[in-house]
Amino acid sequence: MRRNFKAHVGTVIRADDYDEWLRQTLGRRGKVGFKAFETDLHDGRWVWMTEAVQPDGWMLCIASDITHLRADERAIRQDLDEAIKASLTDELTGCSSRRYTMARLEDLVGAGQETAGPSVGCVAVCDLDNFKYVNDRYGHLVGDVVLKDFARIVQSHLRKQDVFGRIGGEEFFLVMPGLGVDEARLHIGRMLKSVRASRPLEAYPDFEYSFSAGVSSVSKGELPDRPHGRADEALYLAKLAGRNTIRHHDEPISQAS
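Residues numbered from 1 in each chain as written. Predicted model: local features only at pLDDT ≥ 70, side-chain atom pairs only at ≥ 80, totals over all residues. Heavy atoms only, no water.

**A short note on the sheet that holds strand 6 (residues 171-177)**
Note the following rule: At least two bridges found by DSSP between two strands are what make those strands a pair. Secondary structure counts use DSSP, requiring at least four H or I residues in a row for a helix and at least two E residues in a row for a strand, with both numbered from the N terminus. Interaxial angles span 0 to 180 degrees and are taken between N-to-C directions of axes, which are lines fitted to C-alpha atoms, for helices over the stretch in contact. Residues are treated as being in contact if the distance between any of their heavy atoms lies within 4.5 Å.
The strand order across the open sheet formed by 5 strands is 5-6-4-7-8, and the pairing between neighbours is mixed. In this open sheet, the two strands that pair with only one neighbour each are strand 5 (163-168) and strand 8 (246-248). Taking the axes of each pair of neighbouring strands and ignoring which way they run, one obtains an average angle of 25 degrees across the sheet. Two strands pair when backbone bridges link them, and strand 7 (residues 211-219) and strand 8 are joined in this way by 3 bridges, in the parallel orientation. Bridged to Gly-214 within strand 8 is Arg-247. Lying on the sheet, helix 6 (residues 140-157) is in contact with strand 4 (119-128), strand 5, strand 6 and strand 7; it crosses strand 5 at an angle near 160 degrees. Taken strand by strand, helix 8 (residues 225-240) contacts strand 4, strand 5, strand 6, strand 7 and strand 8, and its axis lies near 150 degrees from that of strand 7.

Have a look at this one:
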C-alpha cells in the first residue's frame, strides 16, 4: 500500500503522510466483528468493502464494485463516510475518539446482565503529568506536540485487539481485552518506559515528560462506567504516589504514598 500510495494507484488515501494515516487506521482496524465502508480507487472505480474478523484474528474482506451508482448519490455517501471517520478519530492526536473507545468498552463488557461475570480484560485511564505546566511554560502549540508524541508512542506498543483513545485534554483511555491486572501493568509499564525516554522537542533537547495510569479489571456484564470509575480512582492513587507510575484500584493508599 505504501508503494501504491506513492505511485497513485489502488485505493485513494486522502492524506499527505502515509505513515500517519496508517497509524490512525491501525488504531481502529480489526476492533469490531463486522465493518462495512466505501472506498475510491485511482482508476475511477468505487468499491463497497466488508470486513469480518474471525475468532482466530484473521479478517475476511469482500470488495464489491458499486461504480454504477449515480454520481450524486455517490458524493453524498462519500461525505457521510468521511463524517463517520472523523467522529471516530481524535483530530489532534490521530488516536481513537472518546465515542469510539467507549463503544469498544461496551462491546467488551456486553453490558446488560443482572450479575457481573468473569474478567474479560482491563482498562486504564492515563493522564500526562504536570501538563498544565507544559502549556504554561512552553505554550499550547508545544503542548500539542507532546500530546501527539504521547499518542504515537502508546500506539506503537498496542496489541491488535487494544483500543486507545483520547477522552479529553491530556487524559486518555486504554481498553485491553484478555489481559489480567498484572499483565496490563506490565503492558503499560513498557509504554511508560518509552515515554520517559522520549525527547519530542527539538528546541528543548532536555525536555522530558511522563504520565500516570490507573488500571482496573473488567468483568463481563457490568456497566461500563464501573471499570472506568475504578480506573479513575486508581489514577488518583498514582498521582498521590508522586506521578510517573501505575496503580491498580485495589491497592491500599498506604502502598501509594
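**Describing the environment of Asp-90**
For the record, the criterion: Counted as a polar contact is a pair of N or O atoms within 3.5 Å, where, for protein atoms, one must be capable of donating a hydrogen and the other of accepting one, and residues adjacent in sequence contribute only when both atoms are in side chains.
Position of Asp-90 relative to the elements: it lies in the loop between helix 3 (71-88) and helix 4 (98-109). When residues no more than four places from it in sequence are discounted, the contact partners of Asp-90 are Cys-95, Ser-96, Ser-97 and Arg-166. In this structure the side chain of Asp-90 is engaged in a polar contact, spanning 2.6 Å, whose partner is the side chain of Thr-93. In this structure the side chain of Asp-90 is engaged in a polar contact, spanning 3.4 Å, whose partner is the side chain of Arg-166.

**Regarding empty space enclosed by the protein**
Short version of the rule: Put simply, the grid is 1 Å and covers the protein atoms alone, a cavity is a trapped set of points that fit a 1.4 Å probe, a pocket is an open set with protein on both sides within 12 Å along at least five of seven lines, and lining residues have an atom within 4 Å of a point. Grid points are joined across faces, edges and corners, and a volume is the space filled by probe spheres set on the points. Polar here means any residue other than Ala, Val, Leu, Ile, Met, Phe, Trp, Tyr, Cys and Pro, which are nonpolar, and Asp, Glu, Lys and Arg, which are charged; Gly is therefore polar.
Tallied over the entire structure, the rule returns 1 cavity of 30 Å³ or more. Going through the elements one at a time, strand 1 (34-40) and strand 2 (46-53) are the ones with two or more residues in the lining of the largest cavity. For the lining of the largest cavity, the class distribution of residues is 4 nonpolar, 2 polar and 5 charged.

**A word on the sheet that holds strand 2**
What the 3 strands build is an open sheet, ordered 1-2-3; its pairing is antiparallel. The sheet terminates laterally at strand 1 and strand 3 (59-65), the two strands that pair on one side only. Each neighbouring strand pair of the sheet contributes to a mean axis angle of 20 degrees, computed without reference to strand direction. With 7 bridges joining them, strand 1 and strand 2 adopt antiparallel strand pairing. Within the sheet, the bridge partner assigned to Ala-36 lies in strand 2 and is Thr-50.

**What to know about the packing of helix 5 (residues 131-138) against helix 6**
Quick note on the threshold: Note that the term roughly parallel is reserved for angles under 35 degrees, roughly antiparallel for angles over 145, roughly perpendicular for angles of 65 to 115, and oblique for everything else.
Put simply, helix 5 and helix 6 touch, their axes get as near as 7 Å, and they point 135 degrees apart. Accordingly, the angle class assigned to the pair helix 5 and helix 6 is oblique. Contacts between helix 5 and helix 6 involve Phe-131, Val-134, Asn-135 and Tyr-138 from the first element and His-140, Val-142, Gly-143, Val-146 and Leu-147 from the second.

**Quick look at unusual backbone geometry**
Spelled out, the test is: To sort residues, take the accessible area from a 1.4 Å probe on protein chains only and compare it with the maximum for the residue type: under 20% means buried, over 50% means exposed, and anything in between is partly exposed.
Within the chain, His-8 stands out as a residue other than glycine whose phi angle is a positive 60 degrees. Among the structural elements, His-8 can be located in the loop between helix 1 (2-7) and helix 2 (18-26). For His-8, a relative accessible area of 55% translates into the label exposed. Of note, Asn-244 is a non-glycine position whose phi angle comes to about 60 degrees, a positive value. You can see Asn-244 is positioned in the loop between helix 8 and strand 8. Since its relative accessible area comes to 29%, Asn-244 is described here as partly exposed.

In short, shape yes, function no, at least from these values alone.
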